[in-house]
Amino acid sequence: MSDTITLSHGSGGIQTNKLINELFFKYFNNPILDMMNDSAQIDIDFKKLAFTTDSFVVNPIFFCGGNIGKLAVCGTVNDLAVSGAKPLYLTSAFIIEEGFSIKKLEEIVKSMAEEANKAGVKIVAGDTKVVEKGNVDGIFINTSGIGSIYENVNINCANAKAGDVVIINGTLGDHGMTIMCERNELGFEGDLKSDCACLNSLVDVMLEAYEGIHVIRDATRGGVAAVLNEISEFSNVTIALEENNLPLKEEVKGAAEMLGLDPLYVANEGKICVFVEEDYAEKVLNSMRKHPLGSEAAIIGKVTEELGNKVYLNTVVGGKRLVDMPSGIQLPRIC
Amino acid sequence: MKFVDEFRNNEYSRKLVEKLNNISKEKINIMEVCGTHTMSIFRYGIRDVLPPNVNLISGPGCPICVTPQSYIDTTLTLSDKEDVIIATFGDMMKVPGKKSSLSKKKSEGADIRIVYSPMDCLEMAVQNPSKKVILLSVGFETTAPMTAVTAMEAKKRNITNLFFFTAHKIVPPVMKALVKDKDLKIDGFLLPGHVSAIIGTKPFEFLSKDYNISGVVTGFEPLDILQGLITLVSLISKKDYKIENEYKRIVKADGNSKAEIYLNKAFNIVDSSWRGIGRIHKSGLEFNNEYEDFDALKHFKINYEEYDGSPGCKCGEILKGKIKPTDCKLFKKLCTPENPVGSCMVSSEGTCAAYYRYYKDIT
């Protein structure tokens, strides 16, 4: 195989087959994919299906704590998991820029396979397109996924109720801040690392502890602020957060200060916001803390009233302010 | 985190709040000059914990907000030029010009790049020898020294494709204009921490000497602001007119002499227009003869005429503290962060942006 992707890798001929056989099949192999049909044929023996899709265009493609491939698997697995589903099958489609290094592509594919393996999902169908230089920024990946929704579980962002406690499984803003610092070569020293991870095993232990959890949402783009605003709107409730209880890594806090950003609005790739009745909060929290991806889980707030559609923050000084839906992209300040 | 958590301590801040509530009962108007103070005050809900007699007024200390509309429109004209890269701080991207914004221009294909420091432009110019890089140099005494150092470095390295469209302003003259305004009644100022780190506290002494107005320099963390307010309210209630420094970990009385040397080396002090406020004597910085080759307006032979804001926009009165954003008819109706009418709605330090984003009593 050559060292770089050329347009012929996307032509549908010999080079395309070679790339598929020698790279994608090498890592993604499973009986369904190996049949090489035009579509994956899968047995469905469950009643309720969760089905989702997501595209990944991250820059830089490789970052501390992951790469675009790991992100593409985790993102879709997490979207299924937070719907109360067991993730089963993924598809993956690659749009690759002519000239992209095959070694890098292999690294991406390998980490996708590793992550899928860890999450217990199979990548059963895929597609590769190569476009001329300049038409994409290196590589874009789309993944779609299906999962079976657990019986007796009803997780929905319209289910938050007054009295519910809001739990997060760890520190805020790790992914977004890592990307922002690496993208701009800001040269902060420290342990900034993306939190990118498949959270389905964490959700499993939470549901095992209490299957009546009202809402689980992964707080990706727009951060915790965006997700909580969505939940407050769909459930028509008011949410109050406690600034003192927000878990933050020192590095994230520092970088956020320098850039003038609010970690509540910074992206995560391995964080979920969980809404559960107060009586079961301790049980769910304990189950999370025993899991490696929830060891820093914390109660960060509460649904204070029915109606309202607002998210507030009770500040360290005892004041109260609005946590609004983010608007546009967060841009670093002037001074 | 060192020097962050210490100044956000829950227990101490509650003690300071209690102290602040027990100093004076008389009605006191305090202006926080700096936009970063405005944002911090909102972000930490500090207005909620103030005694009812203490009224905070947000001032003109947001560099993007006080930049006239004509500047924005000229940046858009510059971005249309061939082989030009516009380098800017992120804040400028969404500021509305007459017909467009940098953000829109970028989506239409203009080469507009966000930088974190003026120094980033040196490498950008070296890496792109066939292009002309124009840095939009906006900001107060805090940012201007970096512009000066960058121009000095470019001169030293003989970089000839880097230019600056400068709109630097200096803070004490606008404060003088505000205290002379008979419609405004300000009893004391929370003085800008970052600006004071450069110029020191002496340039603010005219406030106490000539106008019997006290001022306290303070930092941006909740404990800084609360302590600054305690000192200021105490001075005002005792009629003890003076300038105090509660940000000693950063600000020295004489400021940062090195930064001042750079400023003096590259800039002349000139009259300058402030959006919504008007032309203020000796309140701006312009490259001196030695550095005029870096002046984008001169290089591109642009006849720059200054003019002001959008119809209906009350930014000027808001910047002077005469009205609150909620008094503006456009606020949250025609003017939102998605469709801003004035820059105060989109700058990260803008008063309207602070009210929109954080103020909880708005429905």
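Just so it is clear, the model here is predicted, and its values are computed rather than measured. (Residues numbered from 1 in each chain as written. Chains lettered and ligands numbered in written order. Predicted model: local features only at pLDDT ≥ 70, side-chain atom pairs only at ≥ 80, totals over all residues.)

Attention now goes to the overall build of chain B. Across its full length, chain B holds 15 helices and eleven strands. Its C-alpha radius of gyration of 21 Å places chain B within 12% of the 21 Å reference for a compact globule of 363 residues. When its C-alpha atoms are laid out on the principal axes, chain B stretches across 65 × 45 × 45 Å. Within chain B, the proportion of its 363 residues that are buried is 53%. Within chain B, contacts between residues at least 6 apart in sequence are counted, and of these 76% link residues at least 24 apart. (Helix = DSSP H or I, 4+ residues; strand = E, 2+ residues; numbered from the N terminus. Rg over C-alpha atoms; globule rule 2.2 N^0.38 Å. Buried ≥ 20, exposed ≤ 12 C-beta atoms within 10 Å, placed from the backbone. Contact = placed C-beta atoms within 7 Å.)

Residue and element names in this part refer to chain A. In spatial order, the strands read β8-β10-β7-β11-β9-β12-β13; together these seven strands make up an open sheet with mixed pairing. Sheet topology places β8 (215-218) and β13 (320-322) at the edges, where each strand pairs with a single neighbour. Within this sheet the neighbouring strands show an average axis-to-axis angle of 25 degrees, counted without direction. Direction of pairing for β8 relative to strand β10 (residues 272-277): antiparallel, over a ladder of four bridges. The residue of β10 that forms the bridge with Ile216 is Val274. Together, β7 (164-168), β8, β9 (237-242), β10 and β12 (311-314) form the strand contacts of helix α7 (residues 223-235), whose direction differs from that of β9 by roughly 150 degrees. (Pairing = 2+ DSSP bridges. Axes fitted to C-alpha atoms, helices over the stretch in contact; angles between N-to-C directions.)

Glancing now at the nonpolar core. Residues Ile134 and Phe189 of chain B are the most contacted members of the largest nonpolar core, which totals 111 residues. The dominant element in this core, judged by the number of residues it contributes, is helix α11 (residues 222-237) of chain B, at eight residues. Excluding its chain neighbours within four sequence positions, the residues that come into contact with Ile134 of chain B are Leu78, Val84, Ile86, Ala87, Phe163, Phe165 and Ala296 of chain B. Counting 97 residues, the second largest nonpolar core, distinct from the first, contains Ile108, Val130, Cys181 and Val252 of chain A. (Core = buried A, V, L, I, M, F, W, Y, C linked by C-beta atoms within 7 Å.)

Let us now look at the domain arrangement of chain A. Residues and elements named next belong to chain A. As far as domains go, chain A holds domain 1 (7-149) and domain 2 (164-322). The gap between the C-alpha centroids of domain 1 and domain 2 is 28 Å. Facing 21 residues of domain 1, the contacting portion of domain 2 comprises 19 residues. Elements with a minimum of two residues in the side of domain 1 that touches domain 2: α3 (68-81) and α4 (102-119). Broken down by element, the residue count for the side of domain 1 that touches domain 2 peaks at nine residues, all from α3. Class assignment for the residues of the side of domain 1 that touches domain 2 results in twelve nonpolar, five polar and four charged. (Domains from an automatic or database assignment. Nonpolar A, V, L, I, M, F, W, Y, C, P; charged D, E, K, R; others polar.)

Quick look at the interface of chain B and chain A now. If you look at the interface, chain B gives 38 residues, while chain A gives 25 residues. If you list the elements that add at least two residues to the side of chain B that touches chain A, you get α1 (10-20), α2 (35-43), α3 (46-49), β5 (132-139), α11 and α15 (351-358) of chain B. No other element matches α1 of chain B, which puts four residues into the side of chain B that touches chain A. Each residue belonging to the side of chain B that touches chain A can be placed in one class, and the counts come to 19 nonpolar, nine polar and ten charged.

To continue, consider the domain arrangement of chain B. Residue and element names in this part refer to chain B. Taken as a whole, chain B is organised into domain 1 (5-63 + 171-245), domain 2 (69-168 + 255-269 + 282-299) and domain 3 (315-357). One C-alpha centre belongs to domain 1, the other to domain 3; they are set 21 Å apart. Top element by residues in the side of domain 1 that touches domain 3 is α2. It accounts for five residues. Grouping the constituent residues of the side of domain 1 that touches domain 3 by class yields eight nonpolar, five polar and two charged.

Attention now goes to the sheet that holds strand β9 (residues 243-245) of chain B. Residues and elements named next belong to chain B. Taking strand neighbours across the sheet as the criterion, the five strands line up as β2-β1-β7-β8-β9 in an open arrangement whose pairing is parallel. Here the strands that pair on one side only, and so sit at the sheet edges, are β2 (54-61) and β9. Between one strand axis and the next, the sheet turns through 20 degrees on average, direction left out of account. Bridging between strand β1 (residues 28-34) and β2 involves six bridges; their strand directions are parallel. Considered in β2, the bridge of Met31 is made with Ile57.

Attention now moves to the packing of helix α5 (residues 174-183) of chain A against helix α8 (residues 250-259) of chain A. Residue and element names in this part refer to chain A. Between α5 and α8, the shortest axis-to-axis distance is 10 Å and the interhelical angle comes to 55 degrees. One way to sum up the angle between α5 and α8 is to call them oblique. Crossing geometry of α5 relative to α8 is assigned as left-handed. Residues Asp174, Met177, Met180 and Cys181 of α5 form the contact with α8, whose own contacting residues are Val252, Ala255, Ala256 and Leu259. Counted by class, the contact of α5 with α8 contains seven nonpolar, no polar and one charged residues. (Parallel < 35°, antiparallel > 145°, perpendicular 65-115°, else oblique. Left-handed = near helix turned anticlockwise from the far one by under 90°.)

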